[in-house]
Amino acid sequence: MQSLQHREGKDEMTKASIDLQDLRRRIYVKAKAEPSWRFWGLYVHVCKMETLRAAYEMAKQNDGAPGVDGVTFEAIEAQGVETLLEQLRDELTEHTYQPLPARKQEIPKDGGKVRVLSIPAIRDRVVQGALKLILEPVFEADFQPGSFGYRPRRTAHDAIRRVAEAIVQRKTRVLDFDLRAYFDNVRHDRLLEKVAQRVDDADVMHLLKVMLKASGKMGVPQGGVISPLLSNLYLNEVDRMLERAREVTRNGKYAYIEYARFADDLVILIDAYRRHDWLIGAVNKRLREEFDKLRVEINDEKSGWSTLSEVKASGFWVSTSATSAVYAERCGRTTRPGSKSGRR
């Protein structure tokens with residue numbers, strides 16, 4: 001596979017003919033083995049009919065409403081799926097592809113608020129899916145163990161299990177961070193910089209730029225196929241910081257800090273012993289510094305820390321978002337970050 005060869009012709013990984021599954025596996029292995037490697041020549045794989053077909057099947061399985069063009073899966077299949085895919089391939093290879101604006105749809109939330117979903121046209125879901133299929137193994141190799149949201153072979157239940165195991169190990173100081181309108185405030189320039197650290201392919205970068213511009217000047221659209229991957233990438237440095245914190249405070253096999261992140265929901269658990277009180281303030285400070293670098297705003301009204309007393313594994317459950325409100329209901333107390341009144 002020419003796209004994964006060294007520019008000087010060394011380290012050839014594959015032959016030119018390779019199926020998509022094997023391609024993704026080889027990209028992942030290469031990315032995992034060489035964390036500083038920048039991939040080039042990926043765009044040709046995005047444009048392949050095999051990749052576009054796989055992306056279409058993923059879009060169809062997820063179903064969903066049509067975009068602004070009103071075109072449904074039924075209409076596409078009546079005219080012929082291959083016709084659409086060939087058209088998209090030609091537009092991509094000829095660099096004439098332009099995504100349509102996403103259709104906005106409001107979803108009611110608690111408290112009378114709404115979440116705005118941005119629904120791409122099916123043709124644009126296919127292209128986003130094709131790009132995701134090629135980029136995902138690159139960044140999956142860099143993602144951290146405590147990140148669970150919208151990743152292959154990882155579920156919300158895995159995040160819950162990680163939190164429950166930490167509680168059983170007496171990590172019962174719980175910091176919960178809620179990010180204010182996170183998906184809407186991702187900065188495109190910073191996101192593209194993060195992608196470019198691993199991707200040295202002008203065509204891929206251009207395609208990603210036009211996708212982002214179609215959703216506005218900032219943010220990744222909730223409803224976009226590639227948005228979960230990009231949102232995880234944006235917060236990967238936060239996860240790295242927490243991994244470093246685990247290691248530098250570790251005592252042998254026992255870590256005094258644990259964390260779990262599911263998309264924009266983050267919970268950190270700290271050992272209950274008094275001598276580790278300082279970790280609450282230290283972790284809180286470092287996290288705020290990392291979020292500030294990303295221009296991500298913390299919602300202090302929904303963020304806080306609490307202490308769990310006499311925790312029993314069978315007596316606790318954790319919501320998908322792993323929020324401290326669950327803990328507060330059980331232990332009867334919650335405070336804002338940095339407040340000494342919550343320590344028991």
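See the structure above.
Residues numbered from 1 in each chain as written. Predicted model: local features only at pLDDT ≥ 70, side-chain atom pairs only at ≥ 80, totals over all residues. Heavy atoms only, no water.

Chemist: Is there a simple way to think about the overall build of the chain in this case?
Modeler: Counting secondary structure elements, the chain contains 13 helices and six strands. Within the chain, buried positions represent 50% of all 344 residues. Contacts spanning at least 24 positions in sequence make up 73% of the contacts within the chain whose residues lie at least 6 apart. In the structure as shown, the chain presents an accessible area of about 16900 Å², 49% of it carried by carbon and sulfur atoms. (Helix = DSSP H or I, 4+ residues; strand = E, 2+ residues; numbered from the N terminus. Buried < 20%, exposed > 50% of the residue type's maximum accessible area, 1.4 Å probe, protein only. Contact = heavy atoms within 4.5 Å. Areas by Shrake-Rupley, 256 points an atom, 1.4 Å probe, with all protein chains shown as cover.)

Chemist: Help me out: how do you make sense of the packing of helix H8 (residues 188-196) against helix H9 (residues 202-213) in this one?
Modeler: When two helices pack together, you describe them by how their axes are tilted relative to each other and by the distance separating the axes. Two elements in contact, H8 and H9, have axes separated by 11 Å at closest approach and are oriented at 155 degrees. Looking at the two axes, H8 sits roughly antiparallel to H9. Our pair here, H8 against H9, has a crossing hand that is right-handed. Here His188, Leu191, Leu192, Val195 and Ala196 of H8 lie close against H9, whose contacting residues are Met205, Leu208, Lys209, Leu212 and Lys213. When the residues that make up the contact of H8 with H9 are grouped by side-chain class, the tally is seven nonpolar, one polar and two charged. (Axes fitted to C-alpha atoms, helices over the stretch in contact; angles between N-to-C directions. Parallel < 35°, antiparallel > 145°, perpendicular 65-115°, else oblique. Left-handed = near helix turned anticlockwise from the far one by under 90°. Nonpolar A, V, L, I, M, F, W, Y, C, P; charged D, E, K, R; others polar.)

Chemist: Please explain the packing of aromatic side chains as it appears in this structure.
Modeler: The relation between two aromatic rings is expressed through the spacing of the ring centres and the mutual angle of the planes. Taken as a whole and assessed by the stated rule, the structure comprises seven aromatic pairs. Clustering of aromatic rings is evident, with ring pairs tying together Tyr182, Phe183 and Tyr234. Over the ring of Tyr259 we find Arg162; its NZ or CZ atom is 5.2 Å from the centre of that ring. (Phe/Tyr/Trp six-rings, centres within 6.5 Å; stacked < 30°, edge-to-face > 60°. Lys NZ or Arg CZ within 6 Å of the ring centre and 35° of its normal.)

Chemist: Can you help me understand the packing of H8 against helix H10 (residues 227-234) in this one?
Modeler: Put simply, H8 and H10 touch, their axes get as near as 10 Å, and they point 85 degrees apart. Our classification of the angle between H8 and H10 gives roughly perpendicular. The segment H8 lies against H10, with Arg190, Leu191, Lys194 and Val195 engaging Leu230, Leu233 and Tyr234. Among the residues making up the contact of H8 with H10, the classes are represented as five nonpolar, no polar and two charged.

Chemist: Explanation requested: the pairing of strand S1 (residues 103-108) in the structure shown.
Modeler: Where S1 lies against strand S2 (residues 114-119), six bridges are found, and the strand directions are antiparallel. Following the sheet pairing, Glu106 is matched in S2 by Val116. Between S1 and S2, which pair antiparallel one after the other, the connecting turn spans five residues, and Gly111 there sits at a positive phi close to 75 degrees. (Pairing = 2+ DSSP bridges.)

Chemist: Just to check I follow, could you spell out helix H11 (residues 236-248) for this structure?
Modeler: In an α-helix, one turn spans 3.6 residues; hence positions three or four apart end up facing the same way. For H11, with 13 residues, the first-to-last C-alpha span of 19 Å sits near the 18 Å given by 1.5 Å per residue. Turning to H11, its buried residues are Asn236, Val238, Asp239, Met241, Leu242, Glu243, Ala245 and Arg246. Considering only its buried residues, H11 is in contact with helix H7 (156-168), H10, strand S4 (257-262), strand S5 (265-270) and helix H12 (277-293). (Expected span 1.5 Å × (residues − 1).)

Chemist: Would you take a moment to explain the nonpolar core for this structure?
Modeler: General note: in soluble globular proteins, nonpolar side chains tend to be found buried as a group. Core analysis: the largest hydrophobic core is formed by 90 residues, its most contacted members being Leu207, Ile268, Leu287 and Phe291. Broken down by element, the residue count for this core peaks at ten residues, all from helix H6 (residues 122-140). Beyond its immediate stretch of four places on either side in the chain, Leu287 contacts Phe177, Val238, Met241, Leu242, Leu266 and Ile268. (Core = buried A, V, L, I, M, F, W, Y, C linked by side-chain atoms within 4.5 Å.)

Chemist: When you look at the pattern of salt bridges in this model, what are you seeing that I'm missing?
Modeler: Note that side chains of opposite charge can pair when their charged atoms are close. A complete count under the given rule lists 30 salt bridges for this structure. In this structure, Arg26 and Asp22 form a salt bridge, with 3.1 Å as the shortest nitrogen-oxygen distance. Of the two residues, Arg26 and Asp22 are both situated in helix H1 (residues 20-33); the distance of four residues between them amounts to about one turn of the helix. By relative accessible area, Arg26 is classed as partly exposed at 24%. The exposure class of Asp22 is partly exposed, given its relative accessible area of 21%. Notably, a salt bridge pairs Glu243 with Arg246, separated by 3.6 Å at the nearest N-O pair. Here Glu243 and its partner Arg246 are both found in helix H11, three residues apart, which amounts to about one turn of the helix. Note on Arg246: relative accessible area 12%, which makes it buried. (Salt bridge = Lys/Arg side-chain N within 4 Å of Asp/Glu carboxyl O.)

Chemist: Just checking my understanding: could you explain unusual backbone geometry for this structure?
Modeler: As a rule of thumb, non-glycine residues mostly have phi less than zero, and peptide bonds are mostly trans rather than cis. For Arg153, which is not glycine, the phi torsion reads 60 degrees and is therefore positive. Considering the arrangement of structural elements, one finds Arg153 in the loop between H6 and H7. Here Arg153 falls in the exposed class, since its relative accessible area comes to 79%. Backbone geometry places Ala181, a non-glycine residue, at a positive phi of 45 degrees.

Chemist: Please explain the sheet that holds S4 as it appears in this structure.
Modeler: Working definition: the strands of a sheet are paired by backbone hydrogen bonds and lie parallel or antiparallel to each other. Sheet architecture is open: four strands sit in the order S4-S5-S3-S6, paired in antiparallel fashion. Each having just a single partner strand, S4 and strand S6 (304-307) make up the two edges of the open sheet. Each adjacent strand pair in this sheet contributes to an overall mean axis angle of 15 degrees, direction not counted. Note: strand S3 (residues 173-178) against S6, four bridges, orientation antiparallel. Along S6, the bridge assignment pairs Arg173 with Thr307. Along the sheet, H7 makes contact with S4 and S5, crossing S4 at roughly 160 degrees. In this fold H12 packs onto S3, S4, S5 and S6, with an angle of close to 15 degrees to the strand it touches most, S3.

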